[in-house]
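In case you want the letters, here they are:
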Amino acid sequence: MVQNREVWGSKFGFILAAAGSAVGLGNIWKFPYIAGENGGAAFVFVYLICIAIIGFPVLIAEILIGRTTQKNPVGAFTALSHNKFWISIGFLGVLAGFLILSFYSVIGGWTIGYVIETLKGSISSFNDPAEAGELFNALVGNVGWNIGFHTIFFALVMFIVIRGVQGGIERASKIMMPILVFILVILIIRGVTLKGASAGVMFLWVPDWSKITAESILIALGHAFFTLSLGMGAMMTYGSYMSKKDNVVTSSAQIVTLDTLIALMAGLAIFTAVFASGLDPAAGPGLIFQTLPAVFSSMTGGTFFSLLFFLLLAIAALTSAISLLEVVVAYFVDEQKWNRKGAVIIFGGITYLLGIPSALSFNVMSGVTFFDLNFFDLIDFIASNILLPFGGLMIAVFAGWVWSRTEMMAAAKEGAERLFETYPWFEGIWLMFLKFIAPVLIALVLLNKLGFSITG
Ligand code: PFF
């Protein structure tokens, strides 16, 4: 069984696919607006610390669990523990993949929709963000537009995942990730050469510590998880196709570096343009869909840059969405012995259907609420705010306390012998972060997200 399982074609292919999973709407849509709302540079600094002390150690553990067992999250916990509690943690991961993908695809659809709107010329005549906001509200308020682009986005995701690990996911990542970096570089050059761009650079570079509150620290910590695709077994599943000859520690470091660099680059491209146009950096979730179109309208060559930007967003969303579907598919292929095509069609189809009420949350179902949240926000809340941090906490606890230390270290050293010999202190530090620092900090995020705010 194990010998038939698919593998990545190369270490480079794995890095690009995993970075593709990490780099998504989180980096290009969410990171800039939460940085904008929380004071810019000071927030970025806290976020970088969270990535280093929680994201990096937990990412190594997650990939390692996958690589050691060569299984999806349910199979991986079964193989390492045979304990019902841990197996159910694997199930929660599969469930989170299913839930996140359902609404992620709706926003993914918007990104494609905005590419089309740009081509139609709709993004070139705004005087201010309020006008761009009107277009945004009209588009997401339109049932056909919303479901139509959700369908197109989902079809693309299924098309890639059906082709398998090497022929689908790895190939798509190898094509799309370089395009993404290339587009981002062009947008940064455009941004920093605008008149008045330096205010945007300063915003990301000169910290205003007064903006840092307990709340913003928790937001940074929560985002560290989401942006690295941690806590639901996506990195575990990608790790399960990795060769034992490759180095898990340096691979994780490369994924973290790429993800962080791309978030910072997106921040630079966006804030230089926003400041150059004198607009508000703290516009919130609408920054990308309302403020930026106004920025594009006012700049020379704006239609071209708008096209590039929404294409960038669509690519980023697509390479993340395929990792979400792969978690679900890997479970049905490994554990229930489905063939890949059947698993993609049936479970992709069910996930697509679950996305429909999310798409309708912006129009006909906007009045339907559960605990004051519409359907879209409810699913997002359950998955991103509860399941991901909880899963991350459990993965840190499992690696730090449950998995036999001798076995785990032997697995970690496979492919990384030189690294652990050259830097003997690395083992102790990694374990300390996994055992104590990550679980305590994640528990704080989780409690805060559930409403027991420590900010008072
Ligand atoms: N990391 C993705 C982003 O930043 O948009 C989101 C994500 C993908 C979260 C895959 C979790 C996951 F398993």
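Right above here is the structure, for reference.
In this text, all values refer to a predicted model and were calculated from it rather than measured experimentally. The numbers attached to residues start from 1 for each chain and follow its sequence in the written order. Two thresholds apply to this predicted model, a pLDDT of at least 70 for residue-level local features and 80 or more for giving and counting side-chain atom pairs, whereas whole-chain, interface and lining totals are computed over all residues. Hydrogens and water are ignored here; the side-chain numbers use all heavy atoms of the structure.

### Here's the deal with the overall build of the chain
Link 1 in the chain: For the chain, the count of helices and strands is 19 helices and 2 strands.
Link 2 in the chain: Over its C-alpha trace the chain gives a radius of gyration of 21 Å, about what one expects of a compact globule, namely 23 Å for 456 residues.
Link 3 in the chain: For every residue, the accessible area (1.4 Å probe, protein chains only) is compared with the maximum for its type, and the residue is labelled buried under 20%, exposed over 50%, or partly exposed between those bounds. Scored against the burial criterion, the 456 residues of the chain give a buried share of 60%.
Link 4 in the chain: At a minimum sequence separation of 6, the contacts of the chain that also span at least 24 residues come to 83%. Secondary structure elements are defined from DSSP: runs of H or I of at least 4 residues count as helices, runs of E of at least 2 residues count as strands, and each element is numbered from the N terminus. For the radius of gyration, the atom set is restricted to C-alpha positions; the globular benchmark scales as 2.2 Å times the number of residues to the power 0.38. We call two residues in contact whenever any of their non-hydrogen atoms come within 4.5 Å of each other.

### A word on the pattern of salt bridges
Link 1 in the chain: For salt bridges, the criterion is a side-chain nitrogen of Lys or Arg within 4 Å of an Asp or Glu carboxyl oxygen. Tallied over the full model, the rule gives 8 salt bridges.
Link 2 in the chain: The salt bridge involving Arg340 is made with Glu6; its shortest N-O contact spans 3.1 Å. Of this pair, Arg340 sits in helix H15 (residues 340-360) while Glu6 is found in the segment before helix H1 (11-22), placing the two residues 334 residues apart along the sequence.
Link 3 in the chain: Glu6 gets classed as partly exposed once you look at its relative accessible area, which sits at 30%.

### Quick look at the layout of surface pockets
Link 1 in the chain: Think of a 1 Å grid over just the protein atoms. A cavity is a set of points where a 1.4 Å probe fits yet cannot get out, a pocket is an open set with protein on both sides within 12 Å along at least five of seven lines, and lining residues have an atom within 4 Å of a point. Grid points are joined across faces, edges and corners, and a volume is the space filled by probe spheres set on the points. Taken as a whole, the largest pocket encloses approximately 900 Å³ of empty space.
Link 2 in the chain: Lining the largest pocket are 34 residues, and of these Trp29, Lys30, Tyr33, Asp380 and Asn385 sit closest to its centre.
Link 3 in the chain: Elements with a minimum of two residues in the lining of the largest pocket: helix H2 (25-37), helix H5 (84-119), helix H10 (214-227), helix H16 (375-402) and helix H19 (425-449).
Link 4 in the chain: Residue contributions to the lining of the largest pocket peak at 8 residues, all from H16.
Link 5 in the chain: Each residue gets one label: Ala, Val, Leu, Ile, Met, Phe, Trp, Tyr, Cys and Pro are nonpolar, Asp, Glu, Lys and Arg are charged, and the others, such as Gly, are polar. In terms of residue class, the lining of the largest pocket is built from 21 nonpolar, 7 polar and 6 charged.
Link 6 in the chain: Along the wall of the second largest pocket there are 13 residues; nearest its centre are Ala41, Val44, Leu204, Trp205 and Leu264.
Link 7 in the chain: For the lining of the second largest pocket, the residue count by class is 13 nonpolar, no polar and no charged.

### Remarks on the nonpolar core
Link 1 in the chain: The term nonpolar core refers to a set of buried residues drawn from Ala, Val, Leu, Ile, Met, Phe, Trp, Tyr and Cys, joined through side-chain atoms within 4.5 Å. By size, the foremost hydrophobic cluster in this structure holds 174 residues, and its most contacted members are Phe289, Phe309 and Trp430.
Link 2 in the chain: With 21 residues, the top contributor of residues to this core is helix H14 (residues 302-334).
Link 3 in the chain: In contact with Phe309, other than residues within four places in its own chain, are Ile28, Leu187, Ile270, Ile288, Leu292 and Phe296.

### A short note on the side chain of Ser384
Link 1 in the chain: With respect to the helices and strands, Ser384 occurs in helix H16.
Link 2 in the chain: Side chain to side chain, Ser384 and Asp380 meet in a polar contact 2.6 Å long.
Link 3 in the chain: If we ignore the near neighbours within four places in the chain, the residues touching Ser384 are Phe103, Phe226 and Pro389. Under the rule applied, a polar contact is a pair of N or O atoms within 3.5 Å (in protein, one hydrogen donor and one hydrogen acceptor; residues adjacent in sequence only if both atoms are side-chain atoms).

### Quick look at helix H4 (residues 73-81)
Link 1 in the chain: Inspection of H4 places Pro73, Val74, Gly75, Ala76, Phe77 and Ser81 among the buried residues, and these make up the whole buried set.
Link 2 in the chain: Its buried side turned inward, H4 meets helix H3 (41-69), H5, helix H11 (234-239), H14 and H16.
Link 3 in the chain: Among the residues of H4, the N-terminal cap falls to Asn72, whose side-chain oxygen and the backbone nitrogen of Val74 are separated by 3.0 Å.
Link 4 in the chain: Immediately downstream of H4, the backbone of His82 shows phi near 55°, a positive value.

### Quick word on the site of the ligand
Link 1 in the chain: Taken together, 15 residues are adjacent to the ligand, and Ala22, Gly26, Tyr104, Phe226 and Met232 come closest.
Link 2 in the chain: Between the ligand and Ser21 there is a distance of 3.2 Å, counted from a nitrogen atom to a backbone nitrogen or oxygen.
Link 3 in the chain: Between Ser229 and the ligand, the recorded distance is 3.0 Å, taken from a side-chain N or O atom to a nitrogen atom.
Link 4 in the chain: Think of it this way: if more than half of a molecule's atoms are within 2 Å of a pocket's grid points, that molecule is in the pocket or cavity. Of the pockets mapped on this structure, the ligand occupies the largest cavity.
Link 5 in the chain: Among the secondary structure elements, those contributing two or more residues to the shell around the ligand are H1, H2, H10 and H14. Proximity is defined per residue: any heavy atom of the residue falling within 4 Å of a molecule or strand makes that residue near it.

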